[in-house]
Amino acid sequence: MIKNIWFISVSLVVSLCSCIDDDSTLPVKNISEITIEAPSDTINIDYGYELVFEPEIKQTMEDLELSYEWSYYGYIKGAIGGVHKDSLRYLSGEKVLRHTFKKLGKYGLRLKVSNEHGSSYRYFTLFVKAAFDQGIFVLSANEEKKGRVSFMRPLSREEVEAGKEEIFYTSAFKSVNPEYELNDPTDAKKIGSDIFISSGQDKLVYRIDAQTFDLYNITNFKTDLDWVQPMAICSKDRAIKNYLVFSANGGIAKVDYTSDIAYDGNVFWENRSPMDKVYEKITGEPIPPSMMVNKMRNYSFFLNYTESALYYVYDLQDYYAYRYEYPEDDLINVVMDKNTMSCLVARKKENSKQIVITRGYASNKGGLIKPWEYTYEADEITLTREAVIQSNDAYNSVFYTNKNEFYRWYNWNAEPVLPKIPVISLDSNSEITCFSFTPDNKQIYLGVYDSRLTGLKGSVYVYDADVLDPATNQLKLLKKYEGIADRPIKVFWKNNRK
């Protein structure tokens with residue numbers, strides 16, 4: 001037995017040595033190795049926009065056919081806490097991935113590339129961000145009164161370092177809601193976590209998510225309140241039960257904030273007086289949604305020129321509604337500053353050169369409490385009925401538009417004469433159609449319409465609200481965003497508060 005084992009062992013060693021010394025060769029099959037290259041494993045895309053992504057694919061044998069498989073997975077919360085990967089789901093069999101993700105958040109992407117020899121894989125992390133989280137919101141309309149929403153969000157630090165430039169999404173509403181048209185838009189207002197857009201022609205108010213711009217509800221006044229032709233939306237940014245819709249042909253509708261149900265708000269006044277001019281001022285800071293006490297107050301004024309009447313509503317409440325008649329005056333415009341001092345500007349009917357500025361204080365007791373008048377004579381004044389007028393809290397002054405010019409008025413002066421020299425002058429082909437201030441009131445967003453521009457003719461100019469340019473002795477121009485909208489109707493900074 002021992003001899004046999006030894007013999008086998010010797011034979012095995014001899015055989016192995018023979019194989020090692022053997023110079024003969026067997027056939028070797030080359031394979032085509034696949035590599036997947038991309039600038040980064042992280043992809044960012046704005047919500048509502050199609051992701052188009054094409055990595056670079058290489059293989060060592062270029063003539064072999066390749067197949068592709070894109071898959072993705074989301075992340076879900078576990079039953080006992082933590083976040084786990086969801087199941088892998090098929091997306092596409094094309095080389096170029098084209099897909100629109102319908103939810104915000106983080107996703108995992110997997111690309112599988114195969115040939116007849118095998119497969120290679122690469123994984124990516126995708127972040128679907130709120131494209132409309134915060135930034136400049138512009139509502140505009142073309143000559144046919146077809147509406148448009150343009151939006152520009154500020155760049156992140158990483159985007160600035162990468163050399164990316166700020167851009168406006170010029171079809172922000174349409175890209176997310178392609179099946180809906182904004183006909184004859186008249187106003188836009190952010191209330192809580194939503195934006196409300198009114199349509200005069202269609203007698204609607206659209207309610208969209210303020211971060212994604214998803215349209216999820218519509219208030220249709222044609223159903224029960226066919227007389228409503230929405231002109232302006234009046235509200236606060238927080239803690240409300242109802243908001244008001246002022247009708248251009250007269251009257252007010254109340255809309256329940258929770259249910260979007262509209263009902264007749266004409267308990268304010270017996271008559272449905274047409275509204276020629278609406279002015280709204282909100283005071284106080286917004287509060288967190290969890291708090292019950294709200295210090296924000298809404299002061300709504302509107303003028304009826306035929307009646308020479310001023311109407312006023314305090315804090316959206318019908319039991320704080322007042323009407324003032326000025327039968328001897330032609331009313332021009334109205335404004336209120338941060339100290340709740342309201343100013344009504346008018347001309348005497350018997351003497352159009354006589355300018356009357358009535359000042360008082362607005363509260364739950366009325367819109368012009370303890371009024372006093374200042375009268376002076378002027379052939380022409382720069383404040384018109386068509387002017388857009390707003391008060392600036394940071395610099396305690398009033399700004400208003402007049403065609404291509406922009407004026408600053410110190411309405412609290414002992415002699416509050418209207419200014420003659422503008423603080424901004426654009427060329428005669430441009431028209432300032434709307435404006436607003438940044439949240440700190442230190443910069444101005446001007447909505448500008450210029451018929452000479454090709455394509456979109458609406459722009460946004462950003463000015464310092466106080467610093468003068470020594471070269472022009474007018475407010476300093478900081479930025480221009482040209483050709484980003486149609487004729488601007490409303491421009492404002494949209495915050496990301498819920």
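Every chain's residues receive numbers from 1 upward, in the order its sequence appears when written. For a predicted model such as this one, the threshold for reporting local features is a pLDDT of at least 70, and the threshold for listing and counting side-chain atom pairs is 80 or more; totals across whole chains, interfaces and linings nevertheless cover every residue. Side-chain measures here rest on the full set of heavy atoms in the structure, leaving out hydrogens and waters.

Engineer: Explain the sheet that holds strand β19 (residues 242-247) here, please?
Structural biologist: Strand pairs in the sheet, formed through backbone hydrogen bonds, run parallel or antiparallel to each other. Pairing between strands is defined by DSSP: at least two bridges between them are needed. Segments assigned H or I by DSSP are reported as helices when at least four residues long, segments assigned E as strands when at least two residues long, and all are numbered from the N terminus. Ordered in space as β18-β19-β20-β21, the four strands form an open sheet in which the pairing is antiparallel. Looking at the sheet topology across the chains shown, the edges are occupied by β18 (230-234) and β21 (262-264). Averaged over all pairs of adjacent strands, the angle between their axes in this sheet comes to 30°, without regard to strand direction. By the bridge criterion, three bridges tie strand β20 (residues 252-256) to β21 in an arrangement that is antiparallel. In the strand pairing of β21, Ala253 is matched with Asp264. Here an angle of 0 to 180 degrees is reported between the N-to-C directions of two axes, which are lines fitted to C-alpha atoms, with helices fitted over the stretch in contact.

Engineer: Looking at this structure, how should I read the pairing of strand β12 (residues 135-141)?
Structural biologist: Two faces, one strand: in a regular strand the side chains alternate between the faces of the sheet. Across the seven residues of β12, seven count as buried, placing the element largely inside the fold. Relative to strand β38 (residues 487-494), β12 runs antiparallel, the two sharing seven bridges. Of the residues in β38, the one forming a bridge with Ile136 is Trp493. Where β12 and strand β13 (residues 147-152) come together, six bridges link them in antiparallel fashion. Residue pairing for β13: Leu139 is matched across the bridge by Val149. Taking the residues between adjacent antiparallel strands as the criterion, β12 and β13 are bridged by five residues, where Lys145 takes a positive phi near 65°. Burial here depends on accessible area, computed with a 1.4 Å probe over protein chains only, as a share of the maximum for the residue type. Under 20% is buried, over 50% is exposed, and the range in between is partly exposed.

Engineer: Looking at this structure, I do not really get the nonpolar core. What am I missing?
Structural biologist: Across soluble globular proteins, you tend to see nonpolar side chains buried next to one another. Residues grouped as a nonpolar core are buried Ala, Val, Leu, Ile, Met, Phe, Trp, Tyr and Cys residues, joined through side-chain atoms within 4.5 Å. Formed by 43 residues in total, the largest nonpolar core has its most connected members in Leu109, Phe137, Ile197 and Phe213. With four residues, strand β10 (residues 105-115) is the single largest residue contributor to this core. Residue contacts are counted whenever heavy atoms from the two residues lie within 4.5 Å of one another. The residues contacting Leu109, other than those within four sequence positions of it, are Ile43, Leu51, Ser71, Tyr72, Leu91, Leu97, Phe101, Arg122, Tyr123, Phe124 and Leu126. With 36 residues, the next largest nonpolar core counts Met341, Tyr376, Ala387 and Val398 among its residues.

These figures come from the coordinates and say nothing about function on their own.
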